[in-house]
Amino acid sequence: MPDAILSLSNITKQFGSLLASDDVTLDLRPGEIHALIGPNGAGKSTLIKQIAGEIQSDSGNIHFDGQLINEFDAVARSRMGLARTFQVSSLMPEFSVLQNVMLARQSVSGKVFRFFRPVLGDKSLVEPAMAQLERVGLADRAQMRAADISHGERRQLEMAVALALEPKAFLLDEPMAGMGPEGSKRLTGFLDGLRAQAPILLVEHDMDAVFALADRISVLVYGRIIATGTVDEIRGNEDVKRAYLGEEA
Amino acid sequence: MTMNRETLINSILAIALVAVPLIAMGMDEPFIITLATKVAIFAMAGVGLNLVLGFGGLVSFGHAAFFGIGGYAAGILASHALNYEPIMESPFLIEGTTQMIVIWIVALVVSALVALAIGAITLRTSGVYFIMITLAFAQMIYYFAISWPAYGGEDGLSIYVRNGFPGLNTLDPISFFALCAVMLGIVMLFSAVLIRSRFGLALQGARQNAQRMTAVGIAPFRIRLVAFVISAMITALAGALYADLNRFVSPTMLSWHMSGEIMIFVILGGVGRLFGPLAGAALYIILEHLLGGVWEFWQLPLGVLLLIVVLFARGGSVGVLAGERKHA
């Protein structure tokens, strides 16, 4: 097995009587898209939150980039190169599209406590931020308020912010949600190329996208991973069919 | 063109602040100069609060603590100097002073340290808890001042002669006004620069979406703490000037009424607007002296006005006149 950039071993998380993550073991290898699928309420978003450091696991270990990161908070994990997008777009609504990306660049630069130079004239932030907006096709919206762009464009902006962090791995929580067929197709093409930059842990409901993109798929049901394998292995797996995909798949 | 309209309104406010006392000087009305000085000082206290309240989204109900610390810095240092009693003799000698510049530095340093301590605790909470804990800390300092007889306790402390500034007769009303107006100008300029900087972007980001801040790897807490300290320092500077204006400092400057008043300046003028505190402080003083002269319940219409602003005009009076702000 090539050295995984991200690996989870025996992750457990319980909310009251609900076992949200039940002994989850999973890894993400360089250059791959690893899709995490499962019915609603299976614990996919909870798992993403544990990886991102937003909630603590009850037990188990998370290694990232050769380090044990159990004790790291979300800020530290982001700074290590773990970039996540949110299922429901989480942006700065009053900032311009450009400012949203610049904030990420500011974090990468490591120089946040600067009090005098006007940020909008700072080429070392504006230029790389614009470059990411161009990559996702939002350059012409750069000066609009994030609150005023369309839902699909906000999804693209989420991607641009994650890209601007130049991460070592992406955690994408349903990036296609509410995108429409045209947008999903474009994003699928984009993610296909992105895996060369950094591996992607992809939570997604859009099965066309998952089957088109995934190198490996893990299926989460009631907090447990019931199968991990290639697209063909998962398609052929009887447990998965019963639990999730239904008879037609 | 809303931004230009706001610039126009800001210019009118700035010109009015300078013109009114000049005209009053011509008409030999020193009381009006004193009122204008009060506006400038209150506006400065508001500029401090606006940094955390307006741009940082942190509703501090304890800024009287810093206003009062500034006031007591002026009062305590001056009283020691005027009585020829050193503040401390061992291990090394610290004497009082009647020099404003030294007083300001002391006010800035002490308020920064106190704000660092208060902020480090209060900023771990949010919402109503933050409001209540900042209030609680300010009240602690208030009761401390009341029960400390060395500096007048409840009766406060008089500054017999207004403290001095090199090359300026500070007892001359228009000179002291000019000093306060210039200080206000500096503080507002600093505030304008600050909110456009990297730090300002992060501060406003932390207000809008702390989850997103964390996800891009910037801890909101540190940003807010630094903003809280800077904000407290500005308000303390205003407090030092206010003590010199009245030549008197008392625990009233530390009470929660004062925190509320500073908050009213910001809200009345426009939360998160650079000139909001100036508009708010001016409106407050005008109301107090026009209505207060004829009706002792002048705070009733003030309350109604505040209610209207909060319910219908979130941008405050500057917001009503200048229209919706575009992006930050």
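Residues numbered from 1 in each chain as written. Chains lettered and ligands numbered in written order. Predicted model: local features only at pLDDT ≥ 70, side-chain atom pairs only at ≥ 80, totals over all residues.

Can you tell me about the overall build of chain B, naming the residues and giving the values?
Looking only at helices and strands, one finds 13 helices and two strands in chain B. The C-alpha radius of gyration computed for chain B amounts to 20 Å, which stays within 12% of the reference 20 Å derived for 328 residues, consistent with globular compactness. If you line up chain B on its principal axes, its C-alpha atoms span 55 × 50 × 40 Å. Out of the 328 residues in chain B, the part that is buried amounts to 51%. (Helix = DSSP H or I, 4+ residues; strand = E, 2+ residues; numbered from the N terminus. Rg over C-alpha atoms; globule rule 2.2 N^0.38 Å. Buried ≥ 20, exposed ≤ 12 C-beta atoms within 10 Å, placed from the backbone.)

Before we move on, can you summarise the interface of chain A and chain B with the specific residues and values?
Taken together, the contacts link 31 residues of chain A with 22 residues of chain B. Elements that contribute at least two residues to the side of chain A that touches chain B include exactly helix H2 (74–80) and helix H3 (97–109) of chain A. In terms of residues, the side of chain A that touches chain B owes the most to one element, H3 of chain A, which gives six residues. Classifying every residue of the side of chain A that touches chain B by side-chain character gives 18 nonpolar, six polar and seven charged. (Contact = placed C-beta atoms within 7 Å. Nonpolar A, V, L, I, M, F, W, Y, C, P; charged D, E, K, R; others polar.)

Just give me the short version of unusual backbone geometry, but keep the residues and values in it.
The phi dihedral of Glu166 of chain A falls on the positive side, at around 45°, and the residue is not glycine. Mapped onto the elements of the fold, Glu166 of chain A is located in the loop between helix H5 (151–164) and strand E7 (169–173). One non-glycine residue, Arg247 of chain B, lies in positive phi territory at about 50°. For Arg247 of chain B, the location among the structural elements is in the loop between helix H9 (220–246) and strand E2 (248–249). With 17 C-beta atoms counted inside 10 Å, the residue Arg247 of chain B sits in the partly exposed group.

Talk me through the nonpolar core; I want residue IDs and the actual numbers.
Formed by 180 residues in total, the largest nonpolar core has its most connected members in Ala40, Met44 and Leu237 of chain B. Residue contributions to this core peak at 17 residues, all from H9 of chain B. (Core = buried A, V, L, I, M, F, W, Y, C linked by C-beta atoms within 7 Å.)

Describe the sheet that holds strand E2 (residues 18–28) of chain A, naming the residues involved and giving the relevant values.
In sheet architecture, strand pairing relies on hydrogen bonds along the backbone and comes in two forms, parallel and antiparallel. All names here are of chain A. If you trace the four strands from one edge of the open sheet to the other, you get E2-E1-E4-E5, paired in antiparallel fashion. Strand pairing shows two members of the sheet lacking a second neighbour, E2 and strand E5 (67–68), which therefore form its edges. As judged from the two bridges shared by strand E4 (residues 59–64) and E5, these two strands associate in the antiparallel manner. Each bridged residue has a counterpart across the sheet, and for Phe64 the counterpart in E5 is Gln67. Packed onto the sheet, helix H1 (residues 44–52) meets strand E1 (6–15), E2 and E4 and runs at close to 60° relative to E2. (Pairing = 2+ DSSP bridges. Axes fitted to C-alpha atoms, helices over the stretch in contact; angles between N-to-C directions.)

Explain the pairing of E4 of chain A to me, using residue names and the numbers behind them.
Residues and elements named next belong to chain A. In this sheet, E4 lies alongside E1 in antiparallel orientation, the contact comprising five bridges. Directly across from Leu8, in E4, lies its bridge partner Ile62. Counting the residues between successive antiparallel strands, the hairpin from E4 to E5 contains two residues, one of them, Asp65, with a positive phi of roughly 55°.

Please give an account of the pairing of strand E9 (residues 216–221) of chain A that cites residues and values.
Residues and elements named next belong to chain A. E9 sits mainly inside the fold: five of its six residues count as buried. One ladder, built from four bridges, connects strand E3 (residues 33–37) with E9; its direction is parallel. Across the sheet, the residue bridging to His34 is Arg216, located in E9. Note that E9 and strand E10 (residues 224–229) share five bridges and pair antiparallel. When the sheet's bridge partners are listed, Ile217 is paired in E10 with Gly229. Remark: two residues form the turn of the hairpin made by E9 and E10, two consecutive strands paired antiparallel; Tyr222 in that turn has positive phi of roughly 50°.

Can you break down the sheet that holds E7 of chain A residue by residue, with the values?
Residues and elements named next belong to chain A. Pairing is mixed across the open sheet formed by six strands, whose spatial order is E6-E7-E8-E3-E9-E10. Each having just a single partner strand, strand E6 (82–85) and E10 make up the two edges of the open sheet. Ignoring which end each strand starts from, the neighbouring axes of this sheet average 15° apart.

Quick rundown of H5 of chain A? Include the residues and the values.
Residues and elements named next belong to chain A. A rise of 1.5 Å per residue sets the reference length of H5, with its 14 residues, at 20 Å; its end C-alpha atoms lie 20 Å apart and thus fit the reference within 8%. The buried count for H5 comes to 11 of 14 residues, which makes it a mostly enclosed element. Of the residues making up H5, those classed as buried are Arg154, Arg155, Gln156, Leu157, Glu158, Met159, Ala160, Val161, Ala162, Leu163 and Ala164. Residues of H5 that are buried sit in contact with E6, H3, helix H4 (123–136) and E7. (Expected span 1.5 Å × (residues − 1).)

That's the geometry; what it means functionally is another story.
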